[in-house]
Amino acid sequence: MSQKQFMQNPWSNWMKGEGPDSDIVISTRLRIARNLRQHPFPLLATDSQGEEVVRKVTEVSDSEAMRKRHQLQVIHMDQINPLEKRVLVEKHLISPHLAEESRKGAVLLREDESVSIMVNEEDHIRIQVLLPGFRLNEAWEIGTKIDDIFEKNLNYAFDETRGYLTSCPTNVGTGIRASVMLHLPALVMTQQISRILQAINQVGLVVRGIYGEGSEALGNLFQLSNQVTLGMSESDILSNLYGVARQIIEQERVARTYLLEHTRVSLEDRIFRSYGILMYARTVESKEAAQRLSDVRLGIDLGIIPDVSPLVLNELLVTTQPGFLQHHAGQKLTPDQRDERRARLIRERLRVVESQE
Amino acid sequence: MNCEECGKRPATLHLTKIVNGEKTEYHICEQCAHEKGDVFTGFHNFSINNLLSGLLKFDPMQKNGRETATNKPLQCETCGLTYSQFSKSGRFGCSDCYTFLGDRLDPLFRRIHGNTQHSGKVPERMGGKLKIRKELEQLKQALQSHVASEEFEKAAEMRDRIRALEQKMAQS
Ligand SMILES: [Zn+2]
Ligand SMILES: [Zn+2]
């Protein structure tokens, strides 16, 4: 895939597949942080030191062992424009830090975008695996194999006592951050969410809302991830996260059933109103879009709206973001212009789907 | 749950601090975190710099004036990062910082992770040596117990295996 296609294609290929529990778990993400011995961490490195790290890492990505499994394309951050960077951020392929602040930053992307390896983010290497649905073990399998290939060819900063040494003390040890993106509209509607979030804090996990212009969780999306990286093995971290996510998924299902049984008419009303607005509105702010899309997604998952693929919603979550809208338009847009384009994009996309049926 | 700073906006950042096994939680909103000097460019970039340096400021070891007593700041000899720079930024400069800042880090790790010792994956390269070392420890213990119970034949067997392993260690 060319660099251009990475920018233009709203879909990461991984989004097309429907993983396990995909009515609630949008995606699973695993990140592995690694550093090279005898190189200053990226935050302190000079340009030439940074370049050397990029050279060493790309050499490994070109090696036969890596090419057998993954075709990785290198994109250097100083060779793409700010809007293109933003698109990569909105697709969750790079972090805002790599886009905005890193020097000599680069990303190695697999064609289907399920693997992205950031170079010179806060750490020298950050391997990221992104899969649709609830697939923690699979993400770890893919990530740890890539890690093994790097490890054979590079001299990792590792210490028997502290484990993998990272730039930030919050990542030391295993260096892994695993997370699942959960769509929890029924737990929000039944006002159980804060109770659950509080409980989660007590078991070494952390929950965040998905990014948005405001501070609250946009579109009832929550990202659940591990907080502890030192002293727990990778499998402990993953099974802890798995267990808690499993419980939340079950609670969300119970809440959905409850809403269906006890408030069916008002639930249907809410869902169809949102659907109607998205089908006909001429201007939609991103916050409203996220909320309405969440309602429609719930309607699809509950079988209330029969003719729309939930995957369209996954796609719209990405393509209605400011960076994507502007890249698509080929120009900078004012917020008003964005709201208008967002409304049109959603209308067109939902219509296409309807007429296909 | 509302933000503990302003009490108005919903708390979106949650941090658990663990001191001597006792957990304290912080819940604050993004805006308050911003105002406290943090940089939030998106959920992914959840930066806990500020909270981290907050934790470091309460380091009891810093209070007893050890740094001034020796008149030589604790510093990484490779990259030059001092402990006080580290406690401001919350970031290490290189992997040797972990060695030079050494024991000072234990309380911090305990607060963040509730632990100070890695117990996960080990790079294959190191894995070999680590494994041999663990095996050696076990063999030496077995040797002692065989000697203590006067099972000399078994003890001799242990001794031979220890020698073989030690040779293997020396070669690798
Ligand atoms: Zn606040
Ligand atoms: Zn250093």
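All values reported here derive from a predicted model rather than from experimental measurement. (Residues numbered from 1 in each chain as written. Chains lettered and ligands numbered in written order. Predicted model: local features only at pLDDT ≥ 70, side-chain atom pairs only at ≥ 80, totals over all residues. Heavy atoms only, no water.)

Caption draft 1: Local environment of the overall build of chain B. If you tally the helices and strands in chain B, you get nine helices and two strands. The order of α-helices and β-strands along chain B, N terminus first, is β-β-α-α-α-α-α-α-α-α-α. Among the 172 residues that make up chain B, the fraction classed as buried is 38%. Taking the intrachain contacts of chain B between residues at least 6 apart in sequence as the baseline, contacts between residues at least 24 apart amount to 37%. Put simply, chain B shows about 10100 Å² of open surface, and 49% of that area lies on carbon and sulfur atoms. (Helix = DSSP H or I, 4+ residues; strand = E, 2+ residues; numbered from the N terminus. Buried < 20%, exposed > 50% of the residue type's maximum accessible area, 1.4 Å probe, protein only. Contact = heavy atoms within 4.5 Å. Areas by Shrake-Rupley, 256 points an atom, 1.4 Å probe, with all protein chains shown as cover.)

Caption draft 2: A look at the nonpolar core. A:I117, A:I125, A:F150, A:L182, A:I200, A:L224 and A:I248 are the most contacted members of the largest nonpolar core, which totals 78 residues. Top element by residues in this core is helix α10 (residues 234–262) of chain A. It accounts for ten residues. Both domain 1 (1–16 + 29–173) and domain 2 (264–354) of chain A contribute no fewer than three residues apiece to this core. The residues touching A:L182, leaving out its near neighbours within four places in the chain, are A:I24, A:V25, A:N220, A:L221, A:F222, A:L224, A:I248 and A:I249. Counting residues in each nonpolar core, the second largest holds 18 residues, with A:L230, B:F92, B:C97 and B:I112 among its members. (Core = buried A, V, L, I, M, F, W, Y, C linked by side-chain atoms within 4.5 Å. Domains from an automatic or database assignment.)

Caption draft 3: Layout of the coordination of the zinc ion (ligand 2). Residue and element names in this part refer to chain B. Bound to the zinc ion (ligand 2) are the protein donor atoms C76 (SG), C79 (SG), C94 (SG) and C97 (SG), situated 2.3 to 2.4 Å from the metal. For the zinc ion (ligand 2), the four donor atoms are set out with angles of 97 to 123 degrees between them, so the coordination reads as tetrahedral. If you list the donors of the zinc ion (ligand 2) from N- to C-terminus, the spacing comes out as C-x2-C-x14-C-x2-C. Taken together, the residues span a long stretch of sequence, with C79 in the loop between α4 (66–70) and α5 (83–89) and C94 in the loop between α5 and α6 (97–100) at a distance of 15 residues. Residue classification places C94 among the buried positions, given a relative accessible area of 5%. (Donors = N, O, S within 2.8 Å, 3.2 Å for Na, K, Ca; no water. Tetrahedral: all angles 85-135°; square planar, octahedral: opposite > 155°, others 65-115°.)

Caption draft 4: Molecular detail of the interface of chain B and chain A. Facing 47 residues of chain B, the contacting portion of chain A comprises 64 residues. Interface area for chain B against chain A, summed over the two sides, is near 4700 Å², with a carbon-plus-sulfur share of 56%. Across the chain B-chain A interface, the total number found is four salt bridges. The partner of B:K121 in a salt bridge is A:D147, with the nearest N and O atoms 2.7 Å apart. For the pair chain B and chain A, the interface holds 17 residue pairs in polar contact (both at pLDDT 80 or more). Breaking the side of chain B that touches chain A down by element, the ones donating at least two residues are β1 (13–19), β2 (22–28), α7 (105–113) and α8 (124–148) of chain B. Ranked by residue count, the leading element in the side of chain B that touches chain A is α7(B), at six residues. A breakdown of the residues in the side of chain B that touches chain A according to their chemical character gives 20 nonpolar, 18 polar and nine charged. (Buried area = accessible area lost by both parts, 1.4 Å probe. Salt bridge = Lys/Arg side-chain N within 4 Å of Asp/Glu carboxyl O. Polar contact = N/O pair within 3.5 Å; in protein donor to acceptor, adjacent residues only side chain to side chain. Nonpolar A, V, L, I, M, F, W, Y, C, P; charged D, E, K, R; others polar.)

Caption draft 5: Representation of the sheet that holds strand β9 (residues 205–209) of chain A within the structure. Residue and element names in this part refer to chain A. Ordered by their spatial adjacency, eight strands build an open sheet running β2-β3-β4-β5-β1-β8-β10-β9, and the pairing between neighbours is antiparallel. Pairing within the sheet leaves two strands with one partner each, and these edge strands are β2 (72–76) and β9. For this sheet, the mean inter-axis angle between neighbouring strands, taken without regard to orientation, is 20 degrees. Inspection of the sheet shows strand β1 (residues 25–34) paired to strand β5 (residues 125–132) by eight bridges, in the antiparallel sense. Note on β5: the bridge partner recorded for A33 is R126. The strands touched by helix α7 (residues 136–153) are β1, β4 (115–119), β5 and β8 (176–183); relative to β5, the strand with the most contacts, the crossing angle is about 150 degrees. Across the sheet, α10 is in contact with β1, β8, β9 and β10 (221–226); its angle to β8 comes to roughly 5 degrees. (Pairing = 2+ DSSP bridges. Axes fitted to C-alpha atoms, helices over the stretch in contact; angles between N-to-C directions.)

Caption draft 6: Representation of the pattern of salt bridges in the model. Residue and element names in this part refer to chain A. If you walk through the whole model with that rule in mind, you get 34 salt bridges over all chains. Notably, a salt bridge pairs R256 with E252, separated by 2.6 Å at the nearest N-O pair. Remark: E252 and R256 occur in helix α10; sequence separation between them is four residues, near one turn of the helix. For R256, a relative accessible area of 5% corresponds to the buried category.

Caption draft 7: Inspection of the domain arrangement of chain A at higher detail. Residue and element names in this part refer to chain A. Considered domain by domain, chain A is made up of domain 1 (1–16 + 29–173) and domain 2 (264–354). Buried area between domain 1 and domain 2, both sides added, is near 1200 Å², and the carbon and sulfur share of it is 72%. On the surface where domain 1 and domain 2 come into contact, there are zero salt bridges. At the junction of domain 1 and domain 2, the tally comes to two residue pairs in polar contact (both at pLDDT 80 or more). For the side of domain 1 that touches domain 2, the secondary structure elements donating two or more residues are α1 (3–8), α2 (13–16) and α5 (82–90). Take the side of domain 1 that touches domain 2: its biggest share by element is five residues, from α5. Taken together, the residues of the side of domain 1 that touches domain 2 sort by class into six nonpolar, two polar and five charged.

Caption draft 8: Local environment of the UniProt feature "domain: UVR" (unreviewed entry) in chain B. Mapped onto this numbering, the UniProt entry gives "domain: UVR" (unreviewed entry) at residues 133–168 of chain B. Helix makes up 92% of residues 133–168 of chain B and strand 0%, with an end-to-end C-alpha separation of 11 Å. (UniProt positions renumbered as here; feature names shortened; annotations may be inferred.)

Caption draft 9: Seen up close, the packing of aromatic side chains. All names here are of chain B. Counting across every chain of the model gives seven aromatic pairs over all chains. Taking the centre distance of 4.2 Å and the plane angle of 40 degrees together, the rings of F92 and Y98 count as tilted. Classification of F92 as buried rests on a relative accessible area of 2%. A residue is classified by how much of its surface remains accessible, and Y98, at 5% relative accessible area, is buried. Put simply, the rings of Y83, F86, F92, Y98 and F109 pair up and form one aromatic cluster. (Phe/Tyr/Trp six-rings, centres within 6.5 Å; stacked < 30°, edge-to-face > 60°.)

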